[in-house]
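The chain contents come next:
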Amino acid sequence: MRQQLVLLARRGLAQARLLAAVLAVVVAGTVVLGTCVLLLTTGADRAREAHLRQTPAGDLAAEVAIGEVPVDARGAVDAATGVLTDALGPLPATVSTWASSTVRGFGTGANGRPQLAYLAGISDLPARAELLTGRWPAASGGPGPLEGVLPARAAELLGVGPGAELTLAAGESAPGTAVTVLVVGTYAPHLADPAWQRDLLGGAGYTAALDFGVWRTSTRPAYGPLLVDSAALLAQPGGLDQVRVVAHPDLTGASAADLDAAAAGLDAARTALPEALTGQDATSRVDAPLARTLAAVRTQQGVTGSAVLVVALVGLALAGTALGLSARLLTGRRTAEAALLTARGAGRRQLAGRAAAEAGALAVLATALAVPLSALLFRGLTSLPRPAAAGVTGPLAVTWPLVAAVAGGAVALTAVLVAPALGPVAGGAAVRRSRRGVVARSGVDLLLAGVAALVLLQLRAHPGASADAVDPLLVAAPVLGLLAAAVLALRVLPLLQAGAERWARRSRGLVGSLAAWEVARRPHATGAALLLVLATAAATFATGYADTWSTSQVSQAAARVGADVTVPATVPAPLTQGDAVAAVLGGTVSPATERPVSLGSLSATGTLPPTTRLVAVDTSVADDLLVGDLPDGGRWSALTAGLGAPGRAPGVPLVVPDTGPAVTVTGTGADGVLGVRPVLVVQDAQGARSTLTGAELPLDGTTHPVVLRDAADATPGPGTRLTVVGVDLQLSLRDPSAVDPAAARGVAVSVQLQLAGGPPDGTAATWTARPPLGSSPGLLDRAGVDLTAGAQDTTFAVRGQVSPAGLLVEQAQLLLTAYPPPPAVPVLLTADLAAAIDARPGDGITLGVGARTVPGRVAGVTPWLPGAPGEPGVLADVEVLARALETTGDLDPLVDSWWATGVADPATAAGRLADAGLPGAVTRAGVAAQLRDGPLRVGLPVVLWLLTAAAVGLALTGTAVHVAAVLESRSVEVARLQGMGVPRRSVAAAVVLEHASVTSVAVLLGAVVGAVAGRVLAPLMTVSETGGVPVPAPVAQWPWPTESVLVAGLLLGCAAVVVPVAGTLVRRAATVHLRLGDAA
Amino acid sequence: MVDVRDVHRTYGSGPAAVHALSAVSLTVAPGELVALVGRSGSGKTTLLNVVGGLDRPDAGTVHVAGTEVTALDDDGLVRLRRDVVAYVFQTFGLIPVLSAAENVGVPLRLRGLPVADREHRVQLLLELVGLGAQAAQRPGEMSGGQQQRVAIARALAGSPRLLIADEPTGQLDSETGLAVMALIRAVVESEGMTAIVSTHDPVMVALADRVVHVADGRLVDA
């Protein structure tokens, strides 16, 4: 045994360079494996922690909402708290409560209209709002009034402050007794805190029109919430509308097992909660954003993990190929030794044992080297700018999974070296191909082609990744595809070899012929070529895939945002918000409508999806506004060509003067019994519609100034310039007692509405007056309007005949617009929606927007909906939609958000908007950065960089091993050529030419394989962050500059390896082997 | 044709120095077949290497066909081996991936002979050595005798003026060796070339015009 080891050691020393090269290959392969394991374990933990650190607190919470709050509210809260803390298991959690009272009567306003108000109790109040005056309410358990703080907006409108007492009445919707609140301060909510979305008014403090009543059919001004002590509110007997118990777990240092347990616990809480509230007679539900976040984390880590495993497998396949080549070279080098040992009686088992001992030693050595190198490489990769920015950088990590994986990989790889010892002792190199071999290879080719086809079919049949774990199909597909394609590509070599033979036969010279013969007749060239083809294919595929993936993330971000920047409109949006957004962002700004729409099919058939989304933007600037790649390079303007109106509605300018009213009303009707409330539909510079509402004024022949208020109850300041595109005159009875309900005759009504401002920008003749569509017939007839344009003002002279008896039942509306009612709103349906309802262009469809329904017409199909890709939806023009809704009498603002493109420096747009006091923006660049470089995402490009580097490294190492071994084995032959008078430089040129030709062909074949794999596999392997098929569909990318540099680098690298090795060996062959006596 | 004057060649230095050649002088006339005879390690191969320009002596001069070999640089030695001297190795020295015809054609390709002329001469040479039918076979597919005959044909392809053969029958059986010896004798006579052959073979010795004995790096009389 000892003698065997000594022999092995001596042989190792004699063949130290070759063994060192083999060791380098094993180390390279195991380092790739080890780094992948670290990415899958330590890297995944860090990525999850970084992601959770960056996740908004609201998405990490778990919440119980209790409705129909029982009398024992405190007990219900305690039960819900228990359920949540039990569900979160080992994660310590901070629990808060948010209780809201029912809406109660709150006296009458200055105009005599009844008002509403409500209370709320927030357990962590100082974190949710800023105290502006006074102090926070103290706990109160006594009989006196509750202490409370008022929203500053409500305090301003009510004209009250600390010290005032407010009484909220009991009522039908607020059982119990009246509640008196002593105001001890005022506050401003932290509106950036998503918790305020729980509030009835979203933290606004006041609304002029809260839907009220059992059927929400009437509106009243409402104030709130008056914040009182949470415990005191819970102790109130009844009168609570809803209580939310929110748990925020501390995820610092939470292990994957802790998080899995929490996710499972939250799932179980859905059944545990009703049991805990048994007997409380309350409705309850669990909302667990944390569980959704953790599920998304699992999915994304599964997607990234699949890519990491792909790289590990490709890396191992490359290393295995390189080692297979090395094993053949070692075997060739040791043929004489093996033959001698066999002749002396050594059995195959002994030879295999000797090989295994050597392989074991190499595996131990490789493990010892690869473990620290993997840790260093992992640290280096995670310290690159993008991963570092994602927060996944950390200290050196040497873990047991790393050691186990590296050791296992080293053993597996070095086992390749043992395989040749298990076969018969090799004789001379086979130089002619047997017919049987050709047949066998043909069978293998067919098998490989079948495997490649199967991989492709499977990927096409199952797009996307499995939701919860590493997807075996995604992992196996590229490895199998690349291997099959690389081996099949090598079948081109015999054709080239045959061509080289023919050329050599016809050639006069020697150098090229020698190279051609060697290429054509040396079987080892195929092994080296396979390694190069596979390595080049892997590197180019990885580069192309990275670009395809990255481009797809950008494309997905564009589709998801819809424009460069979107800014949610506040509700209610101030009149000047569009101008403010445009001033901050610049570029093309459009109001956008984004809300659910209910569809009714007039002529299409099929099943409607449960939720459908409506997106409406200004399609007249579609190309400037909408972003996101359409298939085949299509243009948005072409797609949306049939959606828009001929132009913006012609309007009448309205300029608020420094002094005096902007609008006056003069009118007559039924001797002053009738009144009119003018509502102006105005449009800002961005085309956004909003309304300015005046108070009800008597039609008594007197000219009345109109005080206009916008939806936020603000009056436009002097100098405000707007365009009036519609007027809604709401006629009502000021004194119902003066009307005989039995009288059927109508009375003439005349209203003159005078607007300060210049002449109209359209023709007066285009303005028409009519009741809204669907109005009661006979209520308002013979309507007409005349416009008189002066230099400084415009006057609408409106006439009609109204039924006073009808006004006892409902008010009459008279709409003045400069456009006819659109017959239908042309819309584009998303492809999946159109397929689901079997709708075709020209089909009629009804669009239910809010409480109104407008007719629509299918104008075409869009591959996806801007702003909501992947959702079934409807795309329309915001102007046409606004006109259609206005003609039904619905003047509610349609602006849900502002979309802007062409924004200067969009990366800082969100910050600039925040500085301007505008709500949080979503930028395309930000979403793209999150999709590409987020902690859970950045692992994929990182691992593809690793694959590229590993492939290049293994290709160069393998080439070096191959060239050195081959040339060393041919040193005698090289010497003989020189002995025949072939100049040394010619011999070197022949050797270099031989290897250069094999290398070039192999690298080019590899690039072709990589390109084909990238084109076919990369789009199928690119999945969305949820593991689904991305929208828009990924388009294969082939970054020519990068790929060209990569291929050129490989060629130059191989040349850098081949040329000096060839030169050295040719020189050495001359001096060592040229003498006759040594030539033997 | 060959004039060796007071050549010394020592390998190594100090106590381990091996004096492979000591004050060796030898003259070979054109068309003469000289057999170098001596025990293994006597200096035969070293002398052949020095004459053929494969090794440089420490002292002395070597002239071949009027050219002072010892004064040639590397390019000169390449030209010498390409145009004047041809070798036949004990182990045949064929390129294994080339066929017999391609091996023979190597020196002709070096000279840039037109393809048709090259193929014609290769065929002639192979027929001369009796292997016209084996032109397409590779060395691994031929016997040792056949390989040595291919080697001789290749040596003759460049029409050398001096043929140097180092124990050309060393790996052949006696019958095959005799045939090879006869072939060398025949081509020396037919091509009018000079040959120096190192050998242990008494048949070869008998076929030589002159026999030179080498012992301990010196030429000795028989």
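Rules and cut-offs
- Residues numbered from 1 in each chain as written.
- Chains lettered and ligands numbered in written order.
- Predicted model: local features only at pLDDT ≥ 70, side-chain atom pairs only at ≥ 80, totals over all residues.
- Heavy atoms only, no water.
- 1 Å grid on protein atoms, 1.4 Å probe; cavity = no way out; pocket = protein on both sides within 12 Å on 5 of 7 lines; lining within 4 Å.
- Points joined across faces, edges and corners; volume = space filled by probe spheres on them.
- Helix = DSSP H or I, 4+ residues; strand = E, 2+ residues; numbered from the N terminus.
- Nonpolar A, V, L, I, M, F, W, Y, C, P; charged D, E, K, R; others polar.
- Axes fitted to C-alpha atoms, helices over the stretch in contact; angles between N-to-C directions.
- Left-handed = near helix turned anticlockwise from the far one by under 90°.
- Contact = heavy atoms within 4.5 Å.
- Pairing = 2+ DSSP bridges.
- Domains from an automatic or database assignment.
- Buried area = accessible area lost by both parts, 1.4 Å probe.
- Salt bridge = Lys/Arg side-chain N within 4 Å of Asp/Glu carboxyl O.
- Polar contact = N/O pair within 3.5 Å; in protein donor to acceptor, adjacent residues only side chain to side chain.
- Buried < 20%, exposed > 50% of the residue type's maximum accessible area, 1.4 Å probe, protein only.
- Parallel < 35°, antiparallel > 145°, perpendicular 65-115°, else oblique.

**Some thoughts on empty space enclosed by the protein**
All names here are of chain B.
Then, in step 1: Per the stated rule, a full pass over the model turns up eight cavities of 30 Å³ or more.
Then, in step 2: Counted as a void, the second largest cavity has a volume near 160 Å³.
Then, in step 3: Going through the elements one at a time, α2 (74-83), β6 (85-88), α3 (100-110) and α5 (144-157) are the ones with two or more residues in the lining of the second largest cavity.
Then, in step 4: Within the lining of the second largest cavity, the residues separate by chemical class into nine nonpolar, two polar and five charged.

**Digging into the packing of helix α1 (residues 2-14) of chain A against helix α10 (residues 348-382) of chain A**
Residue and element names in this part refer to chain A.
Then, in step 1: The N-to-C vectors of α1 and α10 enclose an angle of 60 degrees; their axes lie 11 Å apart at closest approach. The two elements α1 and α10 cross, and the hand of that crossing is right-handed. Taken together, the residues of α10 that come into contact with α1 (itself represented by Gln4, Leu7, Leu8 and Arg11) are Arg354, Ala357 and Glu358.
Then, in step 2: Looking at the contact of α1 with α10 residue by residue, the classes come out as three nonpolar, one polar and three charged.

**Quick notes on the sheet that holds strand β26 (residues 780-789) of chain A**
Hydrogen bonding along the main chain pairs the strands of a sheet, whether they run parallel or antiparallel.
Residues and elements named next belong to chain A.
Then, in step 1: Here five strands make up an open sheet; going across it, the order is β22-β18-β24-β27-β26 and the pairing antiparallel. Bordering the open sheet on either side are β22 (700-706) and β26, each of which pairs with just one other strand. Each neighbouring strand pair of the sheet contributes to a mean axis angle of 15 degrees, computed without reference to strand direction.
Then, in step 2: In the sheet, strand β18 (residues 663-669) pairs with β22 via five bridges, with the strands oriented antiparallel. Across the sheet, the residue bridging to valine 665 is histidine 704, located in β22.

**A short note on the domain arrangement of chain A**
All names here are of chain A.
Then, in step 1: What the domain assignment lists for chain A is domain 1 (2-49 + 296-490 + 522-557 + 933-1079), domain 2 (69-281), domain 3 (593-645 + 823-898) and domain 4 (652-817).
Then, in step 2: Taken over C-alpha atoms, the centre of domain 3 sits 31 Å from the centre of domain 4.
Then, in step 3: On the side of domain 4, 15 residues touch domain 3, which itself brings 11 residues to the contact.
Then, in step 4: For the pair domain 3 and domain 4, the summed buried surface comes to about 1100 Å²; carbon and sulfur atoms form 58% of the total.
Then, in step 5: Sorting the residues of domain 3 by area buried against domain 4 places Glu886, Thr887 and Leu891 first, and these three jointly supply 49% of that buried surface.
Then, in step 6: Inspection of the region where domain 3 meets domain 4 yields two salt bridges.
Then, in step 7: Taken together, the links from domain 3 to domain 4 amount to four residue pairs in polar contact (both at pLDDT 80 or more).
Then, in step 8: For the side of domain 3 that touches domain 4, the element with the most residues is helix α23 (residues 878-886), which contributes four residues.

**Section: the side chain of threonine 566 of chain A**
Then, in step 1: Take threonine 566 of chain A: it is sitting in strand β13 (residues 565-568).
Then, in step 2: Those residues in contact with threonine 566 of chain A that sit more than four places away from it in its chain are Val561, Trp898, Trp899, Ala921 and Val922 of chain A.

**Concerning α23 of chain A**
All names here are of chain A.
Then, in step 1: With nine of its nine residues buried, α23 lies for the most part within the structure.
Then, in step 2: Those residues of α23 that fall on the buried side of the exposure criterion are Val878, Glu879, Val880, Leu881, Ala882, Arg883, Ala884, Leu885 and Glu886.
Then, in step 3: The N-cap residue of α23 is aspartate 877: its side-chain oxygen and the backbone nitrogen of glutamate 879 are 3.0 Å apart.

**What to know about unusual backbone geometry**
The bulk of non-glycine residues show a negative phi, and the bulk of peptide bonds are trans.
Then, in step 1: Geometrically, the link from glycine 224 of chain A to proline 225 of chain A is a cis peptide bond, its omega value of 0 degrees lying close to zero.
Then, in step 2: Summarising the element assignment, proline 225 of chain A is placed in strand β10 (residues 218-228).
Then, in step 3: Cis peptide bonds are those with omega within 30 degrees of zero, and the linkage from valine 1031 of chain A to proline 1032 of chain A qualifies with 0 degrees.
Then, in step 4: With respect to the helices and strands, proline 1032 of chain A occurs in the loop between α28 (984-1021) and α29 (1040-1073).
Then, in step 5: If you check the backbone angles, phenylalanine 92 of chain B has positive phi at about 75 degrees while not being a glycine.
Then, in step 6: Residue position: phenylalanine 92 of chain B is located in the loop between β6 and α3.
Then, in step 7: The exposure class assigned to phenylalanine 92 of chain B is buried, which follows from its relative accessible area of 8%.
Then, in step 8: A positive phi angle, close to 50 degrees, is found at aspartate 216 of chain B, a residue other than glycine.
Then, in step 9: Structurally, aspartate 216 of chain B can be placed in the loop between β9 (210-215) and β10 (218-220).
Then, in step 10: Overall, aspartate 216 of chain B belongs to the exposed group, its relative accessible area being 66%.

**Things to note about the sheet that holds β9 of chain B**
Residues and elements named next belong to chain B.
Then, in step 1: The sheet built from six strands is open, its strands ordered β6-β7-β8-β3-β9-β10 with mixed pairing. Two strands lie at the open edges of the sheet, namely β6 and β10, each paired on one side alone. Averaged over neighbouring strand pairs, the angle between their axes works out to 25 degrees when direction is ignored.
Then, in step 2: Bridge analysis of β9 against β10 gives three bridges, and the strand direction is antiparallel. Pairing of histidine 213 across the sheet is with valine 220, part of β10.
Then, in step 3: Sheet strands in contact with helix α1 (residues 44-52) are β3 (33-37), β6, β7 (162-166), β8 (194-198), β9 and β10, and its direction is about 155 degrees off that of β7.

**Brief notes about the interface of chain A and chain B**
Then, in step 1: Each side of the interface is counted separately: chain A has 33 residues, and chain B has 37 residues.
Then, in step 2: At the boundary of chain A with chain B, total buried surface from both sides reaches about 3000 Å², with 59% on carbon and sulfur atoms.
Then, in step 3: For the interface between chain A and chain B, the tally reads two salt bridges.
Then, in step 4: Across the pair arginine 521 of chain A and glutamate 102 of chain B runs a salt bridge, and its minimum N-O distance is 2.6 Å.

**Some remarks on the pattern of salt bridges**
Oppositely charged side chains may form a pair once their charged atoms are brought near each other.
Then, in step 1: The final tally for this structure, using the stated rule, is 33 salt bridges over all chains.
Then, in step 2: Note that arginine 135 of chain A and glutamate 147 of chain A form a salt bridge whose closest N and O atoms lie 2.6 Å from each other. Taken together, the positions of arginine 135 of chain A in the loop between β5 (129-134) and β6 (146-151) and glutamate 147 of chain A in strand β6 put the pair 12 residues apart, joining distant regions of the chain.
Then, in step 3: Here glutamate 147 of chain A falls in the buried class, since its relative accessible area comes to 16%.
Then, in step 4: The residue arginine 82 of chain B makes a salt bridge to aspartate 83 of chain B at a minimum N-O spacing of 3.3 Å.
Then, in step 5: The partly exposed category is assigned to aspartate 83 of chain B, whose relative accessible area is 32%.
Then, in step 6: Taken together, the shared-partner salt bridges in this structure form one network comprising Arg689, Glu879, Arg883 and Glu886 of chain A.

**Re the packing of helix α3 (residues 73-88) of chain A against helix α7 (residues 256-276) of chain A**
Residues and elements named next belong to chain A.
Then, in step 1: Packing of α3 against α7 leaves a shortest axis separation of 7 Å and a crossing angle of 155 degrees. Between α3 and α7, the angle is such that the two are roughly antiparallel. By crossing handedness, the relation of α3 to α7 is classed as right-handed. Packed against α3, whose contacting residues are Ala79, Ala80, Val83, Ala87 and Leu88, the element α7 presents Ala261, Ala262, Gly265, Leu266, Ala269, Ala272, Leu273 and Ala276 at the interface.

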